[in-house]
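# Structure at a glance
Here are the chains, one letter per residue:
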Amino acid sequence: VYQVFENVAKKYDVMNDSMTLGIHRVWKDILVHKMNPCPGTLLLDVAGGTGDIAFRFINYVRSVRQRQLQRKLKHHQNLSWQEIFESYQNNKFNNSLGDSQVVVCDINREMLKVGKQKAQHLGYSEGLSWVLGNAEELPFDDDKFDVYTIAFGIRNVTRIDLALQEAYRVLKPGGRFLCLEFSHVSNPLLSRLYDLYSFQVIPVLGEVIAGDWRSYQYLVESIRQFPPQEELKAMIEDAGFFKVDYENLNFGIVAIHSGFKL
């Protein structure tokens, strides 16, 4: 698995766009909106090497923060410019993330390298850090994060049960687990069409775009071997999470699983 992602790292974003016709961007937007992070949130994004979730998180928090600032300034209509300036300087409103932090953790050095280059190119630096680490043995203290996300990564973990236990361990009480992953399509006709596309088209795209048929053949097979929605829900509950549910997107092509550490 490590070799697969080392091979595809540089073309990973292009291939995601090609394989999903760009819809993966919408799925990731939905994940972050479902998270609905507020300023001050500490997020751990596991297997997030290319930064897609991290960048969306930062954008979302900045937007919330900006609305808060605008509301605050409306209440200062009767203050002098000097008073407004001092108020602005003396509180944390000059921090566009409000002390929010996102830690991107990935086992693959090459994927992290690509993510860091993207962050530099797109101008993301504040509130963002990158850590080399294994989802099955996270290099973080207990009860540390408000939210744990893993997007299109959990199916590539060798022991899903260990990864879920680690997610539970590093979350604070009240913290939230969110997983976005390819899942199982319930409609039989759509399922057959999806299989045809997956096994006949995606490996060809992998060869044409990334020069790597075998890696994308593996990715397709890993999707088919991944537990269906109800089975993954039970695994998340077995790890200790409460209020576990899932939302199917595009007829179950992907699903977002959610749970809380209480």
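Residues numbered from 1 in each chain as written. Predicted model: local features only at pLDDT ≥ 70, side-chain atom pairs only at ≥ 80, totals over all residues. Heavy atoms only, no water.

## With respect to a nonpolar patch on the surface
On the surface, a cluster of nonpolar side chains totalling about 280 Å² of accessible area is made up of Leu21, Ile23 and Val26. As for its position among the elements, valine 26 is in helix 3 (residues 23-35). (Patch = residues over 30% accessible without salt bridge, like charges linked within 9 Å, V, L, I, M, F, W, Y side chains within 5 Å. Areas by Shrake-Rupley, 256 points an atom, 1.4 Å probe, with all protein chains shown as cover. Salt bridge = Lys/Arg side-chain N within 4 Å of Asp/Glu carboxyl O. Helix = DSSP H or I, 4+ residues; strand = E, 2+ residues; numbered from the N terminus.)

## A few points about the pairing of strand 4 (residues 145-151)
Of all seven residues making up strand 4, six are buried, and the element is well covered by its neighbours. Examined bridge by bridge, strand 1 (residues 42-46) and strand 4 share four bridges and lie parallel to one another. If you follow valine 46 over to strand 4, its bridge partner there is isoleucine 150. Note: strand 4 against strand 5 (residues 171-182), six bridges, orientation parallel. Its bridge partner lying in strand 5, phenylalanine 145 is registered against leucine 171. (Buried < 20%, exposed > 50% of the residue type's maximum accessible area, 1.4 Å probe, protein only. Pairing = 2+ DSSP bridges.)

## Some words on helix 6 (residues 109-122)
Its 14 residues place the ends of helix 6 20 Å apart at the C-alpha level, agreeing with the 20 Å of an ideal helix rising 1.5 Å per residue. Within helix 6, the full set of buried residues consists of Glu110, Met111, Leu112, Val114, Gly115, Lys118 and Ala119. The opening residue of helix 6, the one whose side-chain oxygen lies 2.9 Å from the backbone nitrogen of glutamate 110, is asparagine 108. Glycine 123 sits one or two residues past helix 6 and shows a positive phi near 85°. (Expected span 1.5 Å × (residues − 1). Polar contact = N/O pair within 3.5 Å; in protein donor to acceptor, adjacent residues only side chain to side chain.)

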